Amino acid sequence: DAKTTQPPSMDCAEGRAANLPCNHSTISGNEYVYWYRQIHSQGPQYIIHGLKNNETNEMASLIITEDRKSSTLILPHATLRDTAVYYCIVRVGTNAGKSTFGDGTTLTVKP
Amino acid sequence: DTGVSQNPRHKITKRGQNVTFRCDPISEHNRLYWYRQTLGQGPEFLTYFQNEAQLEKSRLLSDRFSAERPKGSFSTLEIQRTEQGDSAMYLCASSPIRTITDTQYFGPGTRLTVL
C-alpha cells in the first residue's frame, strides 16, 4: 500500500470548514483514498473514500487532485464533536486485506 | 443497525496471565481484521480472516498471540503470558467482499492494561 503524509495537527473554528490535506504521491492506479477518524478512546469511524472523482456524503467531501497524488477531506461546518484524529489511507479497492495507518492529523475544533 | 461489537471493552490483568478477547463482526461480513493501537499511534495490523481462513499475519503477532474464527462468524484473540508491552487497544474490523470496494468498519475496541 502507498504511504501517506498528513500534518500532525490542525485547528479550526467552530462553524467554519475544516480542510484536511493528505499527500499520497506513490499511489497506484487501483488504489482508493479512504478517510477515517478516531474520537478519543473509540474505534476508527469510516468517513468517505474515492478513486479519482470527488465524492460527497452526509459527513464530508473528498477532493482528489487530477494526478491523484494528494487529496483533501472537507468538513463543511465543523463542530466541537468533530475534534478527532483523522487518518488518510490508500488501499486497493477489493481483496485489499489490511489497512496501513499513519499517525494521522489531530483536528481541534475551537469555539 | 448492528455494528462491530467487541467484548470486553476493558481488561486489566497481571503480567503472565492469559487473556481472550471476542469480536462479533457485522452480519454477513466475510472478512475480519485485528489491529493493535498504542497511545499516540495509528492502528497496526495484526491479522485477518476471510471466513474461517486466516489469510495474513503480521510479524507483530508473536507466538504468544493466537486468533481464531472457527465458524466464520465471531473471532477470538488470545494473548498468553501477557507482558506489560501488550498493554494497548485491540481493535476489530470487518468488511464485506464486494466487487469494487470492501470498506472496513471498526468496533469500539478492547483496552488491555497489563500490570
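Because the structure is predicted, anything quoted here is derived from the model rather than measured. (Residues numbered from 1 in each chain as written. Chains lettered and ligands numbered in written order. Predicted model: local features only at pLDDT ≥ 70, side-chain atom pairs only at ≥ 80, totals over all residues. Heavy atoms only, no water.)

## Some points on the overall build of chain A
A count of helices and strands for chain A gives zero helices and nine strands. Going from N to C terminus, chain A has its helices and strands arranged as β-β-β-β-β-β-β-β-β. Taken against the 2.2 N^0.38 rule, which gives 13 Å for 111 residues, the C-alpha radius of gyration of chain A at 13 Å falls within 12% of a compact globule. By principal-axis analysis of the C-alpha atoms, chain A measures approximately 40 × 30 × 25 Å. The buried share of chain A, reckoned over its 111 residues, is 46%. Of the contacts formed within chain A by residues at least 6 apart in sequence, a portion of 57% connects residues at least 24 apart. When the accessible surface of chain A is summed, it comes to about 5500 Å², and 48% of that surface belongs to carbon and sulfur atoms. Separation of charge centres in chain A, based on 10 positive and 10 negative side chains, amounts to 3 Å. (Helix = DSSP H or I, 4+ residues; strand = E, 2+ residues; numbered from the N terminus. Rg over C-alpha atoms; globule rule 2.2 N^0.38 Å. Buried < 20%, exposed > 50% of the residue type's maximum accessible area, 1.4 Å probe, protein only. Contact = heavy atoms within 4.5 Å. Areas by Shrake-Rupley, 256 points an atom, 1.4 Å probe, with all protein chains shown as cover. Lys, Arg positive; Asp, Glu negative; His and termini not counted. Charge placed at Lys NZ, Arg CZ, Asp CG, Glu CD.)

## Some thoughts on the sheet that holds strand 6 (residues 61-64) of chain A
Residues and elements named next belong to chain A. Pairing within the open sheet is antiparallel, and its four strands lie in the order 2-7-6-5. Strand pairing shows two members of the sheet lacking a second neighbour, strand 2 (18-23) and strand 5 (55-56), which therefore form its edges. Here four bridges tie strand 6 to strand 7 (residues 70-75), and the two strands are oriented antiparallel to one another. Each residue of the ladder has a partner; that of Leu62, found in strand 7, is Leu73. (Pairing = 2+ DSSP bridges.)

## Things to note about the pattern of salt bridges
Pairs may arise between side chains of opposite charge once their charged atoms sit close together. The full count for this structure, using the stated rule, is six salt bridges over all chains. B:Glu56 is paired through a salt bridge with A:Lys98; the nearest N and O atoms lie 3.6 Å apart. Remark: A:Lys98 occurs in the loop between strand 8 (84-92) and strand 9 (105-110) and B:Glu56 occurs in strand 6 (residues 53-57); the pair is interchain, linking two chains. On the accessibility criterion, B:Glu56 (29% relative accessible area) is partly exposed. Classification of A:Lys98 by relative accessible area gives partly exposed; the value is 30%. Notably, a salt bridge pairs B:Arg64 with B:Asp86, separated by 2.8 Å at the nearest N-O pair. Taken together, the residues B:Arg64 in the loop between strand 6 and strand 7 (65-68) and B:Asp86 in the loop between strand 8 (75-79) and strand 9 (88-95) connect sequence positions 22 residues apart. Overlapping salt bridges bring together B:Arg64, B:Glu83 and B:Asp86 as one network. (Salt bridge = Lys/Arg side-chain N within 4 Å of Asp/Glu carboxyl O.)

## Comments concerning the nonpolar core
One broad rule of soluble globular proteins: the nonpolar side chains tend to lie buried together. Residues and elements named next belong to chain A. Grouped together as the largest cluster of nonpolar side chains are 21 residues, with contacts concentrated most on Leu20, Trp35, Leu73, Leu75, Tyr86 and Leu107. Of all the secondary structure elements, the ones that give two or more residues to this core are strand 2, strand 3 (31-38), strand 4 (45-50), strand 6, strand 7, strand 8 and strand 9. Sorting elements by how many residues they give to this core places strand 8 first, with four residues. (Core = buried A, V, L, I, M, F, W, Y, C linked by side-chain atoms within 4.5 Å.)

## Notes on the state of the cysteines
Per the stated rule, a full pass over the model turns up two disulfides over all chains. Two residues share a disulfide in this structure: B:Cys23 and B:Cys92, whose sulfurs sit 1.8 Å from each other. When the S-S torsion is -70 degrees, as for the bridge of B:Cys23 with B:Cys92, the disulfide is left-handed. Taken together, the residues B:Cys23 in strand 3 (residues 19-24) and B:Cys92 in strand 9 connect sequence positions 69 residues apart. Considering cysteine sulfurs only, A:Cys22 is the nearest to A:Cys12, which forms no disulfide, with 18 Å between them. Given a relative accessible area of 8%, A:Cys12 falls into the buried group. (Disulfide = S-S within 2.5 Å.)

## As for the pairing of strand 9 of chain B
Residue and element names in this part refer to chain B. Judged by how many residues are buried, strand 9 sits mostly within the fold: eight of eight residues are covered. Alternating positions in strand 9 separate into two faces, Ala88, Tyr90, Cys92 and Ser94 on one and Met89, Leu91, Ala93 and Ser95 on the other, with burial throughout. The pairing of strand 4 (residues 31-37) with strand 9 spans seven bridges and is classified as antiparallel. Within strand 9, the position partnered with Gln37 by the bridge is Met89. When strand 9 meets strand 11 (residues 110-114), the two strands line up antiparallel, connected through three bridges. Within strand 11, the position partnered with Tyr90 by the bridge is Thr110. By the bridge criterion, two bridges tie strand 9 to strand 10 (residues 105-106) in an arrangement that is antiparallel. Bridged to Ser94 within strand 10 is Tyr105.

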